[in-house]
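Listed here are the chains, written in short residue letters.
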Amino acid sequence: MTQKIVVNNNYKTTQTEIKSILDNFDLIDDYIAKGTRNSIKKKTLESGKIATIKSFKIPNIVNKFVYRFFRKSKAERSYEYAKRLIDLGFLTPYPIAFVENKTLINFNDSYYFCELVEADLTYRELVEIPIWENRNEILKQFTKFTFDLHEAGIEFLDHSPGNTLIKQVGENQYEFYLVDLNRMNFHNSMSFDIRMKNFSRLTPQKEMIEIMGKEYAKLINKPEQEVIKEMWNKTQEFQQKFQTKQARKKKLKAMIGKKQ
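Residues numbered from 1 in each chain as written. Predicted model: local features only at pLDDT ≥ 70, side-chain atom pairs only at ≥ 80, totals over all residues. Heavy atoms only, no water.

**Here's the deal with the overall build of the chain**
So, step 1. When helices and strands are tallied, the chain shows eight helices and 11 strands.
So, step 2. The C-alpha radius of gyration computed for the chain amounts to 20 Å, which stays within 12% of the reference 18 Å derived for 260 residues, consistent with globular compactness.
So, step 3. Principal-axis analysis of the C-alpha atoms gives the chain an extent of 55 × 55 × 35 Å.
So, step 4. Within the chain, the proportion of its 260 residues that are buried is 43%.
So, step 5. Residue pairs at least 24 apart in sequence account for 63% of intrachain contacts in the chain once pairs closer than 6 positions are excluded.
So, step 6. Looking at the chain as shown, the accessible area adds up to about 14800 Å², and 49% of this sits on carbon and sulfur atoms. (Helix = DSSP H or I, 4+ residues; strand = E, 2+ residues; numbered from the N terminus. Rg over C-alpha atoms; globule rule 2.2 N^0.38 Å. Buried < 20%, exposed > 50% of the residue type's maximum accessible area, 1.4 Å probe, protein only. Contact = heavy atoms within 4.5 Å. Areas by Shrake-Rupley, 256 points an atom, 1.4 Å probe, with all protein chains shown as cover.)

Structure (structure tokens):
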């Protein structure tokens, strides 16, 4: 087993500290998110800063080979994309390090370290709590943030409710931090179709689409109804695929249950 540790030279930590944290990773019980696929924990560093550590599960037998020889790991991509976003002027929790464990022929697990951002909310709260204070203004500023990403050629493939942290920095001013970065495309320019599709995973609520569509129309200089219609069409397409997928999973689970 070999371990690769890459530490950001601009951050006050060392490979020794990162390795020590991972050697005792199972003992850390301060979870930010605990999932069956991936988990996120937090740990105070020697500098006093708090790091979040995302652990990516061991991939399936095919991806063990793919990640070992042909494709960068999710941890490495998260680290590199975070640095690239910051270089382009966008916010994301500051990248600290990434770690990969592998053998001569297989890839095992990986970890991404970044600095904790104490956010006030995520986009998810805007979906689930319609009476959230200043909700419409946050949606408009979020739309401008997304437009700026698009203008920079950034297609954030996991642009979904939990992956934008929102921090209030003034009476009516908000900052937006992207998280869960391992799936991104970078374009020289983005088509209108790709831009609209990039909104499709955010909300099933048409009134939210109308607020964002109107704001995006101003920014891209297109008719409001054209933008709203296309944004809503893309959203419905995603929702239909999502519901079909969930129904299949439920049916498969029921079939397995009967066999047992």
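Having seen the model, we can carry on.
**Some details on the pairing of strand β9 (residues 164-170)**
So, step 1. Note that strand β7 (residues 121-122) and β9 share two bridges and pair antiparallel. Following the sheet pairing, Thr122 is matched in β9 by Leu165.
So, step 2. As paired strands, β9 and strand β10 (residues 173-178) are joined by six bridges and run antiparallel to one another. Following the sheet pairing, Leu165 is matched in β10 by Tyr177.
So, step 3. Count of turn residues in the β9/β10 antiparallel hairpin: two residues. (Pairing = 2+ DSSP bridges.)

**Brief notes about the sheet that holds strand β6 (residues 107-115)**
So, step 1. Sheet architecture is open: six strands sit in the order β1-β5-β6-β4-β3-β2, paired in antiparallel fashion. Pairing within the sheet leaves two strands with one partner each, and these edge strands are β1 (2-7) and β2 (31-34). Direction aside, the axes of adjacent strands within the sheet are offset by 15 degrees on average.
So, step 2. Running over the sheet, helix α1 (residues 15-23) touches β1, β3 (38-44), β4 (50-56), β5 (95-102) and β6 and is turned about 125 degrees from β1. (Axes fitted to C-alpha atoms, helices over the stretch in contact; angles between N-to-C directions.)

**Remarks on the layout of surface pockets**
Empty pockets left among the atoms are what a rolling probe the size of a water molecule brings to light.
So, step 1. Taken as a whole, the largest pocket encloses approximately 1100 Å³ of empty space.
So, step 2. Around the largest pocket sit 41 residues that line it, and Ile40, Lys54, Asn163, Val179 and Asp180 are the ones nearest its centre.
So, step 3. Contributing elements (two or more residues each) for the lining of the largest pocket: β2, β3, β4, α3 (74-87), β6 and β7.
So, step 4. Roughly 900 Å³ of volume is contained in the second largest pocket.
So, step 5. Looking at the second largest pocket, it is lined by 28 residues, and the ones nearest its centre are Ser160, Arg183, Arg201, Phe238 and Phe242.
So, step 6. Only α4 (123-128), β8 (154-156) and α8 (224-259) provide two or more residues apiece to the lining of the second largest pocket.
So, step 7. It is α8 that provides the largest number of residues to the lining of the second largest pocket, a total of nine residues.
So, step 8. Grouping the amino acids of the lining of the second largest pocket by side-chain chemistry returns eight nonpolar, eight polar and 12 charged. (1 Å grid on protein atoms, 1.4 Å probe; cavity = no way out; pocket = protein on both sides within 12 Å on 5 of 7 lines; lining within 4 Å. Points joined across faces, edges and corners; volume = space filled by probe spheres on them. Nonpolar A, V, L, I, M, F, W, Y, C, P; charged D, E, K, R; others polar.)

**A look at unusual backbone geometry**
So, step 1. Notably, Asp180 is not glycine yet its phi reads approximately 60 degrees, a positive angle.
So, step 2. With respect to the helices, strands and loops of the structure, Asp180 is situated in the loop between β10 and β11 (184-186).

**Examining the environment of Trp132**
So, step 1. Structurally, Trp132 is set in the loop between α4 and α5 (135-151).
So, step 2. For Trp132, the contacting residues outside a window of four places in its chain are Asp120, Leu121, Glu125, Leu126 and Ile138.

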